Amino acid sequence: MIDQLQVYIREEPLRFPQSVELIAMLLFSLSGVIAAMRRGYDAVGVFILALVTGAGGGLIRDGLFLQQGPPALTQNWRLLPGVVGACVVGWILHGWIERWQKAIAVFDAVGLGIFSMVGLLKAIEAGLTVPASLLVGVVNAVGGGLLRDLFTGEEPLLFKPGQFYVLAACVGCALFVCLAYKSALSPRHAERISMATIFGLRILAIIFNWRTTPLQPWFKISPTAEAIASGQPSGEDRQKGL
């Protein structure tokens, strides 16, 4: 199946304009800037956290999964202005950004769609299996946030119940694979529909507060059954003096 996908995307090579990747890098880096400024980091700390947040997904993608040479960030210096721009914007407009979190989340949804497709397409081009390509697409989009939380000593938001984020990236990447497998649309149209799906799901999750929930045990043992299994008297037995 991966051979079929490779042939499909070669029919119409998909390359994002440099400006689009630059904007996506800026949007993702901005959350790192805000997290750093909340913790009182200096300029160096703010830049490093912004860099990790903006480029972390790509670094994981290239260093862990693809392993086809130096990471893209080290080969294309033009992505760094996006990180610097995020630092400047976050420094100047920090107060407004804190107030307009939902507006920032909308722009973040744009970056989520772009980075998901970038990771997915690179993985397909590299010849990874379909499940691995889907994983790389999602990791490319959310890996920066994961590293941001680890660098700041926080429990990663990725692991906690919250609004649909990873799920939106998963659905969009899977949709592209389905459209490619069926050859229902041209590669460029399939890419745009997939990105729009990711963006739309994320926006709907923000508007309607669609959230994941904690995973509960499939079977729950009642306190009485648990006490019997452990050989200890249950609460009712203790009350009766047994």
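Up top you'll find the structure we're talking about.
To start, this report covers the structure provided alongside it.

Conventions and cut-offs
In every chain, residue numbers begin from 1 and rise along the written sequence. Local features in this predicted model are restricted to residues of pLDDT 70 or higher, and side-chain atom pairs are both shown and tallied only at a pLDDT of 80 or more, whereas totals for entire chains, interfaces and linings draw on every residue. Only hydrogens and water are set aside; all other atoms, that is, all heavy atoms of the structure, feed into the side-chain values. Helix and strand definitions follow DSSP, with helices as H or I runs of at least four residues and strands as E runs of at least two, each counted in order from the N terminus. Whether a residue is buried, partly exposed or exposed follows from its accessible area with a 1.4 Å probe, protein chains only, as a fraction of its type maximum: under 20%, in between, or over 50%, in that order. We call two residues in contact whenever any of their non-hydrogen atoms come within 4.5 Å of each other. To obtain each axis, a line is fitted to C-alpha atoms, and for helices this fit is confined to the stretch in contact; angles are then taken between N-to-C directions over 0 to 180 degrees. With respect to orientation, any angle under 35 degrees is reported as roughly parallel, any angle over 145 as roughly antiparallel, any angle of 65 to 115 as roughly perpendicular, and every other angle as oblique. Crossing chirality is assigned from the near helix's rotation relative to the far helix, an anticlockwise turn below a right angle marking it left-handed and a clockwise turn marking it right-handed. Here the term charged refers only to Asp, Glu, Lys and Arg, the term nonpolar to Ala, Val, Leu, Ile, Met, Phe, Trp, Tyr, Cys and Pro, and the term polar to all other amino acids, Gly among them. N or O atoms within 3.5 Å of each other form a polar contact, as long as, within protein, one can give a hydrogen and the other can take it, and as long as residues adjacent in sequence are counted only when both atoms are side-chain atoms.

**Digging into the environment of S31**
At step 1: As for its position among the elements, S31 is in helix α2 (residues 18–38).
At step 2: Judged by relative accessible area, which is 27%, S31 ranks as partly exposed.
At step 3: Considering only alpha carbons, one finds S31 and G144, 113 residues apart in sequence, at a separation of 9.8 Å.
At step 4: Dropping the residues within four chain positions of it, S31 is found in contact with T53 and R148.

**Structural notes on the packing of helix α7 (residues 101–125) against helix α9 (residues 166–182)**
At step 1: For the pair α7 and α9, the least separation of the axes is 10 Å and the interaxial angle reads 45°. In terms of axis orientation, α7 runs oblique to α9. Where α7 crosses over α9, the handedness of that crossing is right-handed. Contacts from L112, S116, M117, L120, L121 and I124 of α7 reach α9 at A168, A169, G172, C173, F176 and V177.
At step 2: Looking at the contact of α7 with α9, its residues break down into ten nonpolar, two polar and no charged.

**Section: the side chain of R61**
At step 1: With respect to the helices and strands, R61 occurs in helix α3 (residues 43–66).
At step 2: A residue is classified by how much of its surface remains accessible, and R61, at 5% relative accessible area, is buried.
At step 3: A polar side-chain atom of R61 sits 2.8 Å from a polar atom in the side chain of N140.
At step 4: Each residue touching R61, except ones within four places of it in the same chain, is listed here: L66, A72, V118, G119, K122, V136 and N140.

**Thoughts on unusual backbone geometry**
At step 1: Not every positive phi belongs to a glycine, and Q67 is a case in point at roughly 50°.
At step 2: Within the element layout of this structure, Q67 appears in the loop between α3 and α4 (72–75).
At step 3: Assessed through its relative accessible area of 55%, Q67 is described here as exposed.
At step 4: Of note, the phi angle at N209 is positive, near 55°, even though the residue is not glycine.
At step 5: Tracing the sequence through the fold places N209 in the loop between α10 (187–208) and α11 (223–230).
At step 6: Assessed through its relative accessible area of 41%, N209 is described here as partly exposed.

By themselves these figures say nothing about function.
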